[in-house]
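# Observations on the three-dimensional arrangement
What follows is the residue order along each chain.
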Amino acid sequence: MNDASEMTVLPGAASDGRRTGRQRAARGVGRGLKRWLFLLPALLLLAVLVVYPIGDAVRLAFTSWDGFSSPHGVGFANFEDLLSDKRFKESLLHNAAIVAAIPIWIAVPYAVAAGIHMKVAGWRFFRLAFFLPVVLSPVVLGAYYGIVLAEDGPLNSALDSIGLDALSREWLNDPSLTLPVVIGIIIWATFGVGVLIFLAGLSNVDEEVVQAAQVDGASKWQIQRHVVFWQLLPVIEFWTVIIVIASFTAFFPLIYTLTKGGPGSSTFTVDYDLYAEAFGSGRLGYASAIGIVQVLIILLVSAVFVGLLRWRRS
Amino acid sequence: MNAAADSPAVRPRGLGRRAMSRPGIGRMAIFVVFAALAASCIYPLLFVASTAVRTSADYRAAPGALPTSFTSENFELAFSQMHIGRLALNSLLVVVPAVILIAILACAAAYALVHLEIRLSRVLLLAIVSLMALPPTVLLIPIFKLILDVGLLNNRLGLVVVYAALNLPFSIFLLTAFMRSVPVDLLRAARIDGAGAVRTLWSVVLPLIKPGLMTLVTLNFLFLWNELLFSLVILQNGESRTIMVGIAQFQAQLNQNYGVVAAGLLLSMIPPLLIFVFFQRDLARGLTAGATK
């Protein structure tokens, strides 16, 4: 954590600002309620459209609501129903598979950033290219992959034309294959952000420590493993929390455009299930219960991953 | 990467780390993998562009190859059937006001939190930042209900305020980092010269945090232009539908007419690509802002 605080943006300026701020207040500038006027509009908007809805999400989770009539309380019925909901359990299982892929989701951008940091030939171009999918909407990527991975699409016809037709598949219509394809696409679509974050971390690694390790005769691998890795840990933690959240929330737009949860329900994820229950089946109270369970699971999984990373350090 | 793992002890200290031949092979391997990965990142653009300008017969003959017969029909159909122009305008009518609203609110809030001595400013900032970890899907139902109850369903204003609220926590967080880099002496000087808080923000602080503001605006524009979920739920009628919703629904309906979909995709990619080309540095700055915290 020491490394983390050293990397904070100008920590000195921050504490400085606080001290002189007090003096300024003593001099009577920006007095009283007027200062709050700067903050109030933002706080008001957040209160009405974020904080109040959090509470309302909890309340609605205990109701039955079809979106037309007013919601009426049903106690824990929604949560009891969740326990026996086959599609929800399947969605959870798919999210578990996504969570299981998180180590890859961490390792790929880390390794790529390390390669760019080594200034491999053409690194400037690569850094640019890897960022391209990041700026595109998941809707665009979903539509693109829908075309490219179609049965008679470019991928299969390319495989055919180079004699690898044995490898061509129904990428989007094979219950055992489509989920891995979707996970692969999400990792591919987001790794560019990870690369940037790890590059920022790598440029903050204390070069003196690395040089000292070199002088002591450590190999490149040993330096990566024992010096750079530990210094990067706060960044790795940060990225991990981001993708734990993403693994439960980032799939909706891609699945909505690419598979609609199919074939069957083989690519249903919790976030897609929530949408489908609410706006497909008109069970908005039930969907709210899914949302609450989703938040609890995200908290739990984040805690487990951060715990694992910290535990490995000691 | 571990090509130099053996015989580290014989290596002269701090010298000739790259002089050995084997790391060269490692670098070659990395280069090859990177080249393949880069190709997968650039191909979507090439594929969409080439599919958009070719006839569907030409596409069917060799989907992955370069086009041989060209047509502008796909673009005409994208405008007449997909109403891509209308969709893009609808998106702009939501995204631009939302981005402006976010910029104003976040600037004022970050300024107050960092530079105006506000009681509990640290706690407030922490509370705002912790909202960033909230998965937006959990807010979907209650926000839908709220918008429905106040009669803003299918009203652009509804989506504008929802977008603004959802992106405020990150935006405030981002701007506080830039606010902290403003020298306090400058603010004090402005005060001594008789400038009030608003004046100081406008003519001293804003010019200094221009890079932060650019980052904020480009990032929010990109997020919101690309957003699907809340737009899908709040603007449900065809009249005000935004571009990503329009594309998602159109590509699901129109079986096999890839050329038109590709033309629509290509047009929808123009704003993100412009941002990519001209504001890449601002984007990168924003996306890594949290990492060094």
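Please refer to the structure placed before this passage.
Each chain has its residues counted from 1, running along the sequence as written. Numbering of ligands from 1 and lettering of chains from A proceed in the order in which they are written. Local features are withheld for residues below a pLDDT of 70 in this predicted model, meaning they are given only at 70 or higher, and side-chain atom pairs are given and counted only at 80 or more; totals for whole chains, interfaces and linings count all residues. Side-chain metrics in this entry use all non-hydrogen atoms of the structure; hydrogen atoms and water are not considered.

In this section: the overall build of chain B. Across its full length, chain B holds 15 helices and 0 strands. Here, two residues are considered to be in contact whenever any of their heavy atoms come within 4.5 Å of each other. Long-range pairs, those at least 24 residues apart, make up 72% of the contacts in chain B between residues at least 6 apart in sequence. We get accessible surface area from the Shrake-Rupley algorithm with a probe of 1.4 Å; when it comes to residues, only the shown protein chains can shield them. In the structure as shown, chain B presents an accessible area of about 12800 Å², 66% of it carried by carbon and sulfur atoms. Helical segments are the DSSP runs of H or I of at least four residues, strand segments are the runs of E of at least two, and each set is numbered from the N terminus.

Stacked, tilted and edge-to-face are the three classes assigned to paired rings of Phe, Tyr and Trp, where Trp is represented by its six-membered ring and a pair needs centres within 6.5 Å; plane angles under 30 degrees give stacked, over 60 edge-to-face, the rest tilted. One pass over the structure, following the stated rule, counts 31 aromatic pairs over all chains. Summarising the aromatic geometry, the rings of phenylalanine 38 of chain A and tyrosine 111 of chain B are spaced 5.4 Å apart at their centres and angled 70° between planes, so their arrangement reads as edge-to-face. Separated into two different chains, phenylalanine 38 of chain A in helix H3 (residues 32–61) and tyrosine 111 of chain B in helix H4 (residues 84–115) make up a pair that spans both. Taken as a pair, phenylalanine 38 of chain A and tyrosine 111 of chain B share a single burial class, namely buried. Placement of a charge over a ring requires the Lys NZ or Arg CZ to be within 6 Å of the ring centre, with the centre-to-atom vector within 35 degrees of the ring normal. We note lysine 119 of chain A situated over the ring of tryptophan 123 of chain A; from NZ or CZ to the ring centre the distance is 5.3 Å. Across from the ring centre of tyrosine 286 of chain A, 4.1 Å away, lies the NZ or CZ of arginine 283 of chain A, which sits over that ring. Any residue under 20% of the maximum accessible area for its type is buried, any over 50% is exposed, and the rest in between are partly exposed; the area is computed with a 1.4 Å probe on protein chains only.

Many analyses report the size of an interface as the accessible area lost when the parts associate. Counting residues at the interface gives 105 residues for chain B, matched by 107 residues for chain A. Here the quantity called buried area is the total loss of accessible area, with a 1.4 Å probe, experienced by two parts when brought into contact, counted for both. Here chain B meets chain A over a buried area of about 9600 Å², counting both sides, of which 78% is carbon and sulfur. For this analysis, a salt bridge means a side-chain nitrogen from Lys or Arg found within 4 Å of a carboxyl oxygen belonging to Asp or Glu. Summed over the shared surface of chain B and chain A, the number is 0 salt bridges. Side-chain atoms alone can form a polar contact between residues adjacent in sequence; in general such a contact is a pair of N or O atoms within 3.5 Å, and within protein one must be able to donate a hydrogen while the other accepts it. Taken together, chain B and chain A are joined by 8 residue pairs in polar contact (both at pLDDT 80 or more). Tallying contributions element by element places helix H1 (residues 22–52) of chain B first for the side of chain B that touches chain A, with 16 residues. Per-class residue counts for the side of chain B that touches chain A are 76 nonpolar, 17 polar and 12 charged. Under the convention adopted here, Pro, Cys and the residues Ala, Val, Leu, Ile, Met, Phe, Trp and Tyr are nonpolar, Asp, Glu, Lys and Arg are charged, and Gly plus all remaining residues are polar.

Attention shifts here to unusual backbone geometry. At the junction of glycine 262 of chain A and proline 263 of chain A, the peptide bond is cis and its omega measures out at 0° in the coordinates. Here proline 263 of chain A is to be found in the loop between helix H13 (252–258) and helix H14 (270–280).

The next subject is a positive patch on the surface. Residues Lys119, Arg124 and Arg127 of chain A together with Arg281 of chain B make up a contiguous surface patch of positive charge. Mapping arginine 281 of chain B onto the fold places it in helix H15 (residues 280–287). Here, patches come from residues exposed beyond 30% relative accessible area and free of salt bridges, joined within 9 Å for like charges and within 5 Å for nonpolar side chains (Val, Leu, Ile, Met, Phe, Trp, Tyr). We treat Lys and Arg as the positive residues and Asp and Glu as the negative residues; His and chain ends play no part in the count. We put the charge of a Lys on NZ, of an Arg on CZ, of an Asp on CG and of a Glu on CD.

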